[in-house]
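A closer look at the structure
As a plain string of letters, each chain reads:
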Amino acid sequence: MFEDTLVLQLEEQIGRFVEIATDDDIITGILFRISEGLIELTQILPGYGGVLPTLLPTSSVNFIRVQ
């Protein structure tokens, strides 16, 4: 149930900057796509401005902050 609600709410936030907390890390980037059980975001790397596509399972999310 949590994951279904999470996906519905995140679909409205596509293209926005988010912080996603897992047990091990806080990942920041632009929310790109939500699919069955996965969150895809693009991390903006410091320094030369590189980007890193990142996939996270929705089951690993502790909280999400949308900016």
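Bear in mind that the values here come from a model prediction, so they are computed numbers and not experimental data.

Thoughts on the environment of Ile44
On the secondary structure map, Ile44 appears in strand β3 (residues 38–44). Along the chain, Ile44 and Ile64 lie 20 residues apart, while their C-alpha atoms are 17 Å from each other. Non-local contacts of Ile44, meaning those with residues more than four positions away in its chain, are made with Thr28, Ile30, Gly50 and Val51.

Remarks on helix α1 (residues 2–11)
One turn of an α-helix holds 3.6 residues; hence residues three or four places apart share an orientation. Turning to α1, its buried residues are Leu6, Val7 and Leu10. Considered in projection along α1, the buried side chains sweep an arc of 100° and stay on one side of the axis. Facing away from the buried side of α1 by more than 90 degrees, the exposed set consists of Asp4, Leu8 and Gln9. Buried residues belonging to α1 abut β2 (26–35), β3 and β5 (63–66).

Overview of the side chain of Gln13
With respect to the secondary-structure elements, Gln13 resides in the loop between α1 and β1 (17–21). Polar side-chain contacts of Gln13 include one of 3.0 Å to the side chain of Arg16. The contacts of Gln13, once residues within four sequence positions are left out, are Leu31 and Val66.

Brief notes about a nonpolar patch on the surface
On the surface, Phe17, Ile30, Ile44 and Val51 cluster together into a nonpolar patch covering about 320 Å² of accessible area. Mapping Val51 onto the fold places it in strand β4 (residues 51–57).

Describing the side chain of Glu19
Summarising the element assignment, Glu19 is placed in strand β1. Given a relative accessible area of 17%, Glu19 falls into the buried group. Within the local environment of Glu19, its side chain forms a polar contact with the side chain of Gln67, the two groups lying 3.1 Å apart. Apart from the residues lying within four places of it in its own chain, the contact partners of Glu19 are Ile26, Ile27, Thr28, Phe63, Ile64, Arg65 and Gln67.

Some points on the pairing of β3
Examined bridge by bridge, β2 and β3 share five bridges and lie antiparallel to one another. Paired with Ile34 across the two strands is Ile39, which belongs to β3. Between β2 and β3, which follow one another and run antiparallel, lie two residues, and Gly37 among them has a positive phi close to 80°.

Cut-offs used in this document
- Residues numbered from 1 in each chain as written.
- Predicted model: local features only at pLDDT ≥ 70, side-chain atom pairs only at ≥ 80, totals over all residues.
- Heavy atoms only, no water.
- Helix = DSSP H or I, 4+ residues; strand = E, 2+ residues; numbered from the N terminus.
- Contact = heavy atoms within 4.5 Å.
- Buried < 20%, exposed > 50% of the residue type's maximum accessible area, 1.4 Å probe, protein only.
- Arc of directions from axis to C-beta.
- Polar contact = N/O pair within 3.5 Å; in protein donor to acceptor, adjacent residues only side chain to side chain.
- Patch = residues over 30% accessible without salt bridge, like charges linked within 9 Å, V, L, I, M, F, W, Y side chains within 5 Å.
- Areas by Shrake-Rupley, 256 points an atom, 1.4 Å probe, with all protein chains shown as cover.
- Salt bridge = Lys/Arg side-chain N within 4 Å of Asp/Glu carboxyl O.
- Pairing = 2+ DSSP bridges.

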